[in-house]
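Structural characterization, general
Listed below are the residues making up each chain.
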Amino acid sequence: MDDRLHAFVLPELGVRGAAVRIAAGHREIVERQPYAAGVARLLGEALAASALLIAGLKFNGRLSIQLQGARALGLLYAECTSAGHLRGIARGGEDSAPADGFAELTRDGLLVITLEPEDKGERYQGVVPLEGTHLGEALEGYFAQSEQLPTRVLLAADEHVAAGLLLQRLPGEGGFGPVDPDGWNRAEHLAATVAPAELLSCDPELLLHRLFHDVPRIDAEPLPLYPRCRCSREKVADVLRRIGREESLAAVQQSGEAVVTCEFCGKTYRFDRIDIEALFLPPPPAEGGPASLQ
Ligand SMILES: [Zn+2]
């Protein structure tokens, strides 16, 4: 089973949704660091959730889910782009006591959802307190506040697989013709029959067939998902430019090079003194300008 995102609409029920199951990508991301089991599970659930949420976007871009400021878990970040690129990371908080459950890990934290369009467009960020007994519930609370559309989010993860199912009532009649007034209730009842073990073990297409085989369903082309970082030598160079020449050169003093490692993917970028001096050279004259006439 490849890692894929399946988006769909159930026109008769007035519901849209998405199902996802991430195995190879989840393992690759959580195995990069020695996460505690509870943190790895939560990171997997956040990765699955970021994919489910990108399925509802009307534009190309990226969506991130961040858990910030909890005492036990300093930061958890999961991102999915509309091209299906995943990345994620977690960092410990001030509390050194090991925490495993969602409530202990996220106590006093915030849930931050950020949408960033690829082209020009408004970046949107929504922030709500991290509440509930699991991440799906916290996200449902977020949707209730921000979009005011009834939404169910089921998530599950273990050390091998992360998976999820999202159902959301379409606004108004949904534009697909007559809608069963009891459609949302029917969809919710069906979702309630899905146990975490089934989410983890079942191919999303099979799961959707089991749940919704007796109502019409419109499927989008499944989106393959895979880990891919956005880091690059150019981005690291921009960071060094912002830090400034003196500070960047100071980083080279001891070992002869400044070594910057990407926290997400572990890739290492090395800059020696000459590389750094080159970053701070004035830009070459633009083509077609007076210099090119010489
Ligand atoms: Zn990277």
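Residues numbered from 1 in each chain as written. Predicted model: local features only at pLDDT ≥ 70, side-chain atom pairs only at ≥ 80, totals over all residues. Heavy atoms only, no water.

1. Comments concerning helix α9 (residues 245-252)
- Listed as buried for α9 are Ser248, Leu249 and Val252. The buried side chains of α9 occupy one side of the element, clustering within an arc of 95° when seen end-on. Opposite the packed face of α9, turned more than 90 degrees from it, sit the exposed residues Glu246 and Glu247.
- Where α9 is buried, its residues contact α8 (233-243), β13 (257-261), β14 (268-272) and α10 (273-279). (Buried < 20%, exposed > 50% of the residue type's maximum accessible area, 1.4 Å probe, protein only. Helix = DSSP H or I, 4+ residues; strand = E, 2+ residues; numbered from the N terminus. Arc of directions from axis to C-beta. Contact = heavy atoms within 4.5 Å.)

2. Comments concerning the coordination of the zinc ion
- Taken together, Cys229 (SG), Cys231 (SG), Cys262 (SG) and Cys265 (SG) make up the protein donors of the zinc ion, found 2.2 to 2.3 Å from the metal.
- Around the zinc ion sit four donor atoms; with metal-centred angles ranging over 101 to 118°, the donor geometry is tetrahedral.
- Here the donor residues of the zinc ion are spaced in sequence according to C-x1-C-x30-C-x2-C. Placement of the pair is Cys229 in the loop between β12 (226-227) and α8 and Cys262 in the loop between β13 and β14, with a sequence separation of 33 residues.
- Look at Cys262 and you get buried, because its relative accessible area is 12%. (Donors = N, O, S within 2.8 Å, 3.2 Å for Na, K, Ca; no water. Tetrahedral: all angles 85-135°; square planar, octahedral: opposite > 155°, others 65-115°.)

3. Examining the sheet that holds strand β5 (residues 85-92)
- Across the sheet, six strands lie side by side as β7-β6-β3-β4-β5-β12; this open sheet has mixed pairing. Unpaired on one side and paired on the other, β7 (124-129) and β12 mark the two borders of the sheet.
- Here strand β6 (residues 110-117) runs beside β7; their pairing, made up of six bridges, is antiparallel. Looking at β7, one finds that Leu111 is bridged to Val128.
- Contacts from helix α4 (residues 135-146) reach β3 (61-68), β6 and β7 within the one sheet, and its direction differs from that of β6 by about 65°. (Pairing = 2+ DSSP bridges. Axes fitted to C-alpha atoms, helices over the stretch in contact; angles between N-to-C directions.)

4. Some words on the environment of Leu166
- With respect to the helices and strands, Leu166 occurs in strand β9 (residues 162-169).
- Once the C-alpha coordinates of Leu166 and Ala55 are considered, the two residues, 111 residues apart in sequence, prove to be 9.6 Å apart.
- For Leu166, the residues in contact, after removing those within four places along its chain, are Phe8, Arg16, Gly17, Ala18, Leu52, Leu53, Phe143, Thr151, Arg152 and Val153.

5. Side note on the pairing of strand β2 (residues 15-22)
- Counting buried residues along β2, eight of its eight residues qualify, which places the element largely inside the surrounding structure.
- Because side chains alternate across β2, one face comprises the buried residues Val15, Gly17, Ala19 and Arg21, and the other comprises Arg16, Ala18, Val20 and Ile22, equally buried.
- As paired strands, strand β1 (residues 4-10) and β2 are joined by seven bridges and run antiparallel to one another. For Val9, the partnering residue across the bridge sits in β2 and is Arg16.
- Connecting β1 to the next strand, β2, in antiparallel fashion are four residues, including Gly14 with a positive phi near 65°.

6. Thoughts on the packing of aromatic side chains
- A complete count under the given rule lists three aromatic pairs for this structure.
- For the ring pair Tyr77 and Phe264, a centre distance of 5.5 Å and an interplane angle of 70° mean the geometry is edge-to-face. Remark: Phe264 occurs in the loop between β13 and β14 and Tyr77 occurs in strand β4 (residues 73-81); sequence separation between them is 187 residues. A single burial state applies to Tyr77 and to Phe264, both of which are buried.
- The positively charged end of Arg87 is found above the aromatic ring belonging to Phe264, 3.9 Å away from the centroid.
- In this structure, Arg233 is placed above the aromatic ring of Phe271, and the distance from its NZ or CZ to the ring centre is 3.9 Å. (Phe/Tyr/Trp six-rings, centres within 6.5 Å; stacked < 30°, edge-to-face > 60°. Lys NZ or Arg CZ within 6 Å of the ring centre and 35° of its normal.)

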